[in-house]
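# Topology and contacts: notes
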Amino acid sequence: MTENLVEARGLTKTFGSFTAVDSIDFDIRKGEAFGFLGPNGAGKTSTMRMITTVSPITDGKLTVFGMDPTTEGRDIRRRIGVVPQEDNLDLELTVAENLYVYGRYHDMPRATIRERIDELLEFAQLTDRRKNTVESLSGGMKRRLTIARALINDPDLVILDEPTTGLDPQARHLLWERLYRLKRQGVTLIITTHYMDEAEQLCDRLVVMDQGKIAAEGSPSELINRYSTREVLELRFAEGEQDEAVLRLDGLADSSEVLADRVLLYTNDAESTQRGLHERGVHPEQVLVRRSTLEDVFLKLTGRRLID
Amino acid sequence: MIATLTRARRTVEAELIAYKRTWRGTVISSFVNPVFFLSAMGLGLGSLVDRGQGNLSVSYLTFVATGLMAAIGMQAGAGDGAHPVMAGIKWRKEFHAVITTPMNPGDIVVGRAVWGTIRLTFIMVVFTIIAGLFGAFDVGTALMAIPPAVLTGIAFQTSMTAFTATREDSTSLTTIFRFAITPLFLFSGTFFPIANLPQAFQWIAYATPLFHGVELVRKIALPGIVPPDVTTLPIWVHFAYLGVMLAVGITLAARFLDRRLRP
Ligand SMILES: Nc1ncnc2c1ncn2[C@@H]1O[C@H](COP(=O)(O)OP(=O)(O)OP(=O)(O)O)[C@@H](O)[C@H]1O
Ligand SMILES: [Mg+2]
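Cut-offs used in this document
Residues numbered from 1 in each chain as written. Chains lettered and ligands numbered in written order. Predicted model: local features only at pLDDT ≥ 70, side-chain atom pairs only at ≥ 80, totals over all residues. Heavy atoms only, no water. Donors = N, O, S within 2.8 Å, 3.2 Å for Na, K, Ca; no water. Helix = DSSP H or I, 4+ residues; strand = E, 2+ residues; numbered from the N terminus. Near = heavy atom within 4 Å. Polar contact = N/O pair within 3.5 Å; in protein donor to acceptor, adjacent residues only side chain to side chain. Areas by Shrake-Rupley, 256 points an atom, 1.4 Å probe, with all protein chains shown as cover. Contact = heavy atoms within 4.5 Å. Buried area = accessible area lost by both parts, 1.4 Å probe. Salt bridge = Lys/Arg side-chain N within 4 Å of Asp/Glu carboxyl O. Nonpolar A, V, L, I, M, F, W, Y, C, P; charged D, E, K, R; others polar. Pairing = 2+ DSSP bridges. Axes fitted to C-alpha atoms, helices over the stretch in contact; angles between N-to-C directions.

What follows is about the coordination of the magnesium ion (ligand 2). Around the magnesium ion (ligand 2), the donor atoms from the protein are Thr45 of chain A (OG1) and Gln85 of chain A (OE1), and they sit 1.9 to 2.2 Å away. Separated by 40 residues along the polypeptide, Thr45 of chain A in helix 1 (residues 44–51) and Gln85 of chain A in the loop between strand 5 (80–83) and helix 3 (95–105) bring together distant segments of the chain.

Encoded structure:
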């Protein structure tokens with residue numbers, strides 16, 4: 001039997017009369033990378049904050065390591081690492097001092113912290129920056145330092161709220177690689193993101209959240225198989241021709257989505273669908289054939305795109 | 001209790017690391033400010049007061065120096081509870097990071113109070129020695145008045161922390177300094193015996209915290225001082241007032257900071 005590190009049943013968070021997290025259920029297993037995918041305001045951060053015990057739950061049941069966040073917050077926090085959505089490093093301290101202070105907050109002996117700092121700076125590729133103040137770091141370096149800080153106490157569970165938002169592609173790939181490494185070491189990861197490629201890359205299982213609710217749950221490939229087709233045709237039309245063309249697409253694919261700037265046709269056989277377009281005399285300016293992604297799953301489930 | 005103090009020590013360690021960088025500026029101001037205050041108020045103004053109809057039982061320099069110990073404690077303490085707390089909550093946000101470790105918001109409050117105690121003690125020792133060099137009082141006796149001056153400061157620090165935790169931005173911090181801290185500084189007996197105030201205002205002074213700090217410092221640092229330069233209230237009343245204020249301050253600061261950091 002696999003052990004669940006986090007269990008939520010009917011988990012709810014309200015702010016005044018507004019429901020940010022609306023009775024959600026999920027289990028997070030030891031050793032997996034679990035994702036929360038959803039657009040702005042879906043309730044991802046609110047959920048993370050309840051798991052990290054820095055936001056009281058309004059209703060339902062939540063356990064972390066089998067403990068109750070309301071009464072055993074300290075003991076839960078001893079075993080987790082937190083990468084918040086917004087960096088909150090101490091800007092006045094140096095890179096190494098930021099790690100040191102957090103080690104002390106975790107009651108670690110000084111000598112252990114010093115060894116750990118060397119390892120973590122190596123891990124975060126910040127060794128040559130150890131004496132710089134945080135203020136002088138780039139965004140990507142700050143993010144890596146925040147992750148290193150979250151690892152100072154050798155946590156069993158690391159919670160990352162949008163770890164790569166605002167980073168350039170190269171910095172994102174470097175971070176992903178570091179997160180893989182953690183996972184291989186057996187650390188359980190919880191990751192929120194609104195990048196579907198990130199979720200596909202990193203997550204063993206994920207939930208798609210929307211307006212405080214869980215819209216779907218599964219592995220990336222399961223979700224794609226269940227909610228989408230194997231391939232997608234993206235059609236772009238010349239200015240003003242899309243509306244007229246859409247009328248002639250009926251029944252051509254398994255399903256379709258009409259967006260402002262393009263039409264998506266979901267099909268398991270892109271070639272025959274493309275032939276169908278010709279036969280009906282539909283001539284888009286541009287046709288792109290691609291695999292289905294979690295973005296399509298989200299579109300299918302909610303009728304909206306992840307990032308507007 | 002032991003656990004609380006261990007966690008308070010973590011905050012002190014973190015503050016010390018940051019302090020290593022900024023101590024020069026604060027040390028200079030803790031030397032320079034007393035010299036300015038004591039020369040201007042104690043010597044300058046004092047020469048006028050002592051020559052005039054003033055019937056103080058001690059020199060004006062002595063009177064002001066003891067009052068200033070409590071007043072400086074209040075200002076430093078209130079300052080500690082204002083903008084640095086808003087920074088931890090809102091600007092630099094470091095409190096949000098600290099509470100993801102085993103620390104609770106209450107531990108931050110206690111830790112900052114301990115750190116404030118250390119810092120204020122240092123400021124007071126410097127002040128006492130300088131005032132002693134000015135000839136304001138016997139340094140040995142005045143050192144005994146440092147704990148009450150620090151108590152005054154920490155009572156203000158924790159109460160101000162509670163207030164700051166409920167504020168959205170720093171405009172109301174400026175307001176409270178303008179309309180509470182500054183009037184207290186001027187009218188709590190720091191610069192003249194409150195016996196000189198109309199009776200109604202004396203009653204108001206009894207209700208305010210800095211008055212009790214000032215009285216306590218004077219009664220301990222200057223064993224020979226007599227009414228009307230000080231009131232006839234017993235020492236324990238002042239201690240009780242400040243002790244209750246500190247206890248309420250810590251309790252409310254912990255509660256309000258918790259609400260603010262863990263919505
Ligand atoms: N402290 C708060 N007080 C009031 N409302 C809040 C508070 N925190 C969050 N909310 C609201 O709860 C909803 C969910 O917010 P949350 O931050 O959990 O979303 P999210 O999925 O993390 O979004 P994003 O991708 O933008 O980070 C939002 O509508 C937000 O305005
Ligand atoms: Mg968020």
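Let's pick the thread back up.
The immediate surroundings of ligand 1 are formed by 15 residues, with Gly41, Lys44, Thr45, Ser46 and Gln85 of chain A found nearest. Among the chains of the assembly, those with residues near ligand 1 are chains A and B. Within the side chain of Asn40 of chain A, a nitrogen or oxygen atom sits 2.9 Å from an oxygen atom of ligand 1. Protein contacts shield 65% of the accessible area of ligand 1, which totals 640 Å² for the unbound molecule. Where the shell around ligand 1 is concerned, the elements lending two or more residues are strand 2 (18–29) and helix 1 of chain A.

Counting residues at the interface gives 27 residues for chain B, matched by 28 residues for chain A. Between chain B and chain A lies a buried interface of about 2,600 Å² when both sides are counted; carbon and sulfur atoms form 51% of it. By the criterion of area lost to chain A, the three top residues of chain B are Arg10, Arg92 and Pro102 of chain B, representing 25% of everything that side buries. Our count for the contact surface shared by chain B and chain A stands at 9 salt bridges. Here Glu97 of chain A and Arg21 of chain B are joined by a salt bridge, their closest N and O atoms 3.0 Å apart. At the boundary of chain B with chain A, the tally comes to 19 residue pairs in polar contact (both at pLDDT 80 or more). Going through the elements one at a time, helix 1 (2–51) and helix 4 (94–98) of chain B are the ones with two or more residues in the side of chain B that touches chain A. It is helix 1 of chain B that contributes the most residues to the side of chain B that touches chain A, 11 residues altogether. Here the residues of the side of chain B that touches chain A sort into 10 nonpolar, 6 polar and 11 charged.

Our focus in this paragraph is the sheet that holds strand 2 of chain A. The strands that make up a sheet are held in pairs by hydrogen bonds between backbone atoms, and each pair lies either parallel or antiparallel. Residues and elements named next belong to chain A. Here we have 3 strands laid out as an open sheet, ordered 2-1-4, and antiparallel in their pairing. One side of each edge strand has no neighbouring strand; the edge strands of this open sheet are strand 2 and strand 4 (59–64). Here the strands of the sheet are splayed against their neighbours by 15° on average, with no regard to which way each runs. Relative to strand 2, strand 1 (residues 4–15) runs antiparallel, the two sharing 8 bridges. If you follow Leu11 over to strand 2, its bridge partner there is Ile24.

With that settled, consider the sheet that holds strand 10 (residues 231–236) of chain A. Residues and elements named next belong to chain A. A sheet is described by the order of its strands in space; here 4 strands give the open sequence 11-12-10-13, paired in antiparallel fashion. Looking at the sheet topology across the chains shown, the edges are occupied by strand 11 (255–258) and strand 13 (286–291). When the angles between neighbouring strand axes are averaged without regard to direction, this sheet yields 20°. Summarising the sheet, strand 10 and strand 13 pair through 6 bridges and their orientation is antiparallel. Residue pairing for strand 13: Leu235 is matched across the bridge by Val287. Here helix 10 (residues 270–279) sits on the sheet in contact with strand 10, strand 12 (263–267) and strand 13, set at roughly 30° to strand 10.

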